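So the chains spell out like this:
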Amino acid sequence: METVWLNGRFLPAAEAAVPVLDRGFIFGDGVYEVIPVFGNHILRLAEHLLRLRQSLAAIYMESPHTDAEWRGIIEGLLERNPGGRDRSIYLHVTRGVAPREHVSRAPLTPTVFAMCNPIPERVHDTGLSVVTHADIRWQRCDIKAISLLPGILLREHAQRVDGSVETILLRDGYLTEGAASNVFVVRKGEVRTPPKCNFILPGVTRDLVIELLRGANIPCLEAEVREPELFAADEIWLTSSTMGIAPVTRLDGKPVGAGRPGPVWRAADCVYQEFKQRLGAMPVAQPAPARASG
Ligand code: PDD
C-alpha cells in the first residue's frame, strides 16, 4: 500500500487522518507544491522549496521544515514507494487545527502532509484540445494555494464544453495562464510566454523551458500576449511539472496552426526529453551542476 508522510511520520495512506477542524479542511487555508521526479532525480528541488517558502510567507506562515528536512521527507517517500520512472511529490502545509474562526488567536502547529504519485506516460502525437475562459480567479495567483475551487471549475468547464483537458485564461484581454499550467505561444518562429506577476503562478517548468529554449538558440520572450495574438498563434504549448511541454492543437474547437503539434514544439520537446534523460540517468546523491541542472 502507498506510504505517505503526515506530521512527522511515514504511514500507510489508509491510516493517515487529519482532524475535521484542520483549517485546510474548513477554509482551504494552506499551500502546496508538486515536484516532478525523473528516475531518482528530484527536479529543481531548491526552486520548488523556494516557491513553497514564498507561498507560505504570503499567507503569514514560515516553512515548518528546513530544505534538508524536506529533502529527507521526499527521499523517504521515494524509497518507500518504488516503481514507475516518472513520479511527482505532493507537499501540503495547512495552518493547523483550531476552532473555526477566520483568524486564529493561538499559535498553531501546521499540518504537514506529503505523498508520491506516478506521472502518467503522455503521448503528445495528436496534441491537446483546450478552451478559453475569462480568468475568474483572484488577484494572488502567484500563491500556490490549496483552495483550488476556481481552477477546478475552469477545468470542469473545459471538460463539459467538449471534453477539453485545460482552460486557457484571459484577463482584461491578455493571456494569463492555464487553470493548472503555464502557456507559451509561437508566432512566426518567436516563442512568447507572459511575464511573471500576481496573476500567474511562477511555474518551475516555465522557467526551465525558457532556459532550455535559450540554450538551444530558440528565441523566447517573456512578454504580454494579447487575446488576438493567442488566437493567431501558429503553436500553443502548456507547461507544468506533470505535463512537461504539451502541444495544444485545438483552441475553442478550432485548429491551432496546422492542427498538429508544430515544429517549434517538436524542437523544444526534444531538448526537454534529452534534459530529462540526462537527469534520470544521474544517481540520487550526485550534486547537480550549476546551470540547467534540474
Ligand atoms: N500545477 N499555473 C498553475 C495555476 C498551476 O497549478 C501549475 C501547476 C502551473 C505550472 O507550474 P509548475 O511548472 O511549477 O508545475 C502553472 C500543478 C502541477 C498541480 O496543481 O497539480
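Residues numbered from 1 in each chain as written. Predicted model: local features only at pLDDT ≥ 70, side-chain atom pairs only at ≥ 80, totals over all residues. Heavy atoms only, no water.

### A short note on the packing of aromatic side chains
Worth spelling out the cut-off: Aromatic rings from Phe, Tyr and Trp, taking only the six-membered ring of Trp, are treated as a pair when their centres fall within 6.5 Å; an angle between ring planes under 30 degrees marks them as stacked, one over 60 as edge-to-face, and anything in between as tilted. Here, a charge over a ring means that NZ of Lys or CZ of Arg falls within 6 Å of the ring centre while also lying within 35 degrees of the ring normal.
This model, assessed by the stated rule, comprises 4 aromatic pairs. Taken together, a centroid distance of 5.0 Å and an interplanar angle of 65° make the contact between W5 and F10 edge-to-face. An aromatic cluster is present here, built from Y32, Y90 and F113 joined pairwise through their rings. If you follow R80 out to its NZ or CZ, it ends over the ring of F10, 3.8 Å from the centre. Note that K276 overlies the ring of F38, its terminal NZ or CZ placed 4.6 Å from the centroid.

### Quick notes on the state of the cysteines
Note the cut-off: What counts as a disulfide here is a pair of cysteine sulfur atoms lying within 2.5 Å. Using a 1.4 Å probe on the protein chains alone, a residue whose accessible area is under 20% of its type maximum counts as buried, one over 50% counts as exposed, and one in between counts as partly exposed.
This model, assessed by the stated rule, comprises 0 disulfides. Summary of cysteine pairing: C141 is not part of a disulfide, and the nearest cysteine sulfur, belonging to C197, is at 8.5 Å. C220 carries a free sulfur, and the closest cysteine sulfur to it, the one in C197, is 16 Å from it. Overall, the relative accessible area of 8% leaves C220 in the buried class.

### Details of the layout of surface pockets
Put simply, the test is: Here the term cavity refers to a set of points on a 1 Å grid, laid over the protein atoms alone, in which a 1.4 Å probe fits but cannot get out; the term pocket refers to an open set having protein on both sides within 12 Å along at least five of seven lines, with lining residues being those that place an atom within 4 Å of a point. Grid points are joined across faces, edges and corners, and a volume is the space filled by probe spheres set on the points. Strands here mean DSSP runs of E at least two residues long; helices mean DSSP runs of H or I at least four residues long; both are numbered from the N terminus. When residues are sorted by character, Ala, Val, Leu, Ile, Met, Phe, Trp, Tyr, Cys and Pro go into the nonpolar class, Asp, Glu, Lys and Arg into the charged class, and all the rest, Gly among them, into the polar class. Domain boundaries shown here were taken from an automatic or database domain assignment.
What the largest pocket holds in volume is close to 1,100 Å³. Among the secondary structure elements, those contributing two or more residues to the lining of the largest pocket are β3 (30-38), α2 (45-58), α4 (149-162), β9 (174-178), α5 (204-215) and β13 (235-240). Examining the composition of the lining of the largest pocket, we find that 4 residues originate from one element, α4, more than from any other. For the lining of the largest pocket, the residue count by class is 21 nonpolar, 14 polar and 11 charged. In terms of domain composition, the lining of the largest pocket takes at least three residues from each of domain 1 (3-118) and domain 2 (128-278). In this structure, the second largest pocket encloses a volume near 540 Å³.

### Concerning the pairing of strand β1 (residues 3-6)
Just so we agree on the cut-off: Each pair of strands is called paired provided DSSP finds at least two bridges between the two strands.
The alternating pattern of β1 places T3 and W5 and V4 and L6 on opposite faces, both of which are buried. Two strands pair when backbone bridges link them, and β1 and strand β2 (residues 9-12) are joined in this way by 4 bridges, in the antiparallel orientation. Paired with T3 across the bridge in β2 is P12. What sits between β1 and β2 in their antiparallel hairpin is a turn of 2 residues, with N7 showing a positive phi close to 45°. For β1 and strand β6 (residues 111-118), the ladder comprises 2 bridges, and the chain directions are antiparallel. Counted as the bridge partner of L6 is F113 from β6.

### A short note on the domain arrangement of the protein
Accessible area lost when the parts come together is the quantity often used to give the size of an interface. Threshold: Should any heavy atoms of two residues lie within 4.5 Å, those residues are counted as being in contact. Put simply, buried area is how much 1.4 Å-probe accessible surface two parts lose in total, over both of them, once they are put together.
Taken domain by domain, the protein consists of domain 1 (3-118) and domain 2 (128-278). Distance from the C-alpha centre of domain 1 to the C-alpha centre of domain 2: 26 Å. Opposite the 23 residues of domain 1 that make contact, domain 2 presents 19 residues. Overall, the association of domain 1 and domain 2 removes approximately 1,700 Å² of surface from exposure, summing both partners, and the carbon and sulfur fraction of that is 65%. Considering only the side of domain 1, the residues that lose the most area to domain 2 are Y32, R44 and R51, jointly responsible for 38% of the buried surface there.

### Quick word on the site of the ligand
The criterion, for reference: Any residue with a non-hydrogen atom lying within 4 Å of a molecule or strand is treated as near it. Polar contacts, as counted here, are pairs of nitrogen or oxygen atoms within 3.5 Å of one another; within protein the pair requires one atom able to donate a hydrogen and one able to accept it, and residues that are adjacent in sequence qualify only if both atoms are side-chain atoms. Only the protein chains shown count as cover for residues, and the accessible areas themselves come from Shrake-Rupley with a 1.4 Å probe.
The environment of the ligand is formed by 19 residues, the closest being Y32, R51, E177, T205 and S241. Take Y32: an N or O atom from its side chain is 2.6 Å from an oxygen atom of the ligand. A distance of 2.8 Å separates an oxygen atom of the ligand from a polar atom in the side chain of R51. Taken by itself the ligand offers 470 Å² of open surface, and the protein chains cover 88% of this.

### Details of the environment of R226
Structurally, R226 can be placed in the loop between β12 (220-222) and α6 (227-231). Its relative accessible area of 40% is what places R226 among the partly exposed residues. R226 sits 218 residues away from G8 along the chain, and the two C-alpha atoms are 47 Å apart. In this structure R226 touches G173 and Y174, once residues within four positions along its chain are discounted.

### Description of the side chain of S241
Among the secondary structure elements, S241 is positioned in the loop between β13 and β14 (244-251). From its side chain, S241 meets the backbone oxygen of V34 in a polar contact 3.4 Å long.

### Regarding the environment of A158
If you trace the backbone, A158 turns up in helix α4. Residues A158 and I168 lie 10 residues apart in sequence; the distance between their C-alpha atoms is 9.3 Å. For A158, the contacting residues outside a window of four places in its chain are V131, G163, S164, E166 and T167.

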